[in-house]
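Structural characterization, general
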Amino acid sequence: MEPQGPGCPGSVLFGCELTASTKSYTFQVDEEDDSDHILALSVVCLTDGAKDECNVVEVVGRNHENQEIAVPVANLKLSCQPLLSLDNFKLQPPVTFRLAAGSGPVHLAGWHRIVHREDASFEDDDLSEEEEEELPPIMPAKM
């Protein structure tokens, strides 16, 4: 389930912008959708019109105890760090991106990967058959 970009079936481009007037964006999927969804963030950057101030972007999600947590993932400033590569930082929806400090605009970009359950089970069946075929027969030891 590794997001690989436009050449990967089930991957679509994702992007959102956080500004002084739109401080947060929530990425969520339909609760009735039984597919697996992964959001892989590639880059977060300041865009045209940004001021030379600290812009802190947080990811708001849930921890293992189902409590809401906010984690800063980027602190951007036009004069010293206008762009940050997140190397396909993987998140599972629902997740909220929040501009905790600064006025932006800050753009987040990445890939939304959708894996349908029937596709995943089909791939697993194919892999197990290939593994069985690749095993060499066990030969008795020569004396």
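Data block above holds the structure.
Scope of this entry: the structure provided in the associated data block. Owing to the predicted nature of the structure, the values given are computational and were not obtained by experimental measurement. (Residues numbered from 1 in each chain as written. Predicted model: local features only at pLDDT ≥ 70, side-chain atom pairs only at ≥ 80, totals over all residues. Heavy atoms only, no water.)

Taking strand neighbours across the sheet as the criterion, the four strands line up as β1-β8-β3-β6 in an open arrangement whose pairing is antiparallel. Edge strands, defined here as strands with exactly one partner in the open sheet, are β1 (11-18) and β6 (83-91). On average, each strand axis in the sheet is tilted by 20 degrees relative to the strand beside it, whichever way the strands run. (Pairing = 2+ DSSP bridges. Helix = DSSP H or I, 4+ residues; strand = E, 2+ residues; numbered from the N terminus. Axes fitted to C-alpha atoms, helices over the stretch in contact; angles between N-to-C directions.)

Glancing now at the nonpolar core. Formed by 20 residues in total, the largest nonpolar core has its most connected members in Val 44, Val 57, Phe 97 and Leu 108. Residue assignment for this core shows that the elements contributing at least two residues are β1, β3 (36-46), β4 (55-62), β5 (68-76), β6, β7 (95-101) and β8 (106-115). A total of four residues in this core trace back to one element, the largest contributor, which is β3. (Core = buried A, V, L, I, M, F, W, Y, C linked by side-chain atoms within 4.5 Å. Buried < 20%, exposed > 50% of the residue type's maximum accessible area, 1.4 Å probe, protein only.)

Now for the pairing of β3. In terms of residue burial, β3 counts as a mostly covered element, since eight of its eleven residues are buried. Relative to β8, β3 runs antiparallel, the two being bridged by ten bridges. Each residue of the ladder has a partner; that of Leu 39, found in β8, is His 112. Here β3 runs beside β6; their pairing, made up of six bridges, is antiparallel. Across the sheet, the residue bridging to Val 43 is Ser 85, located in β6.

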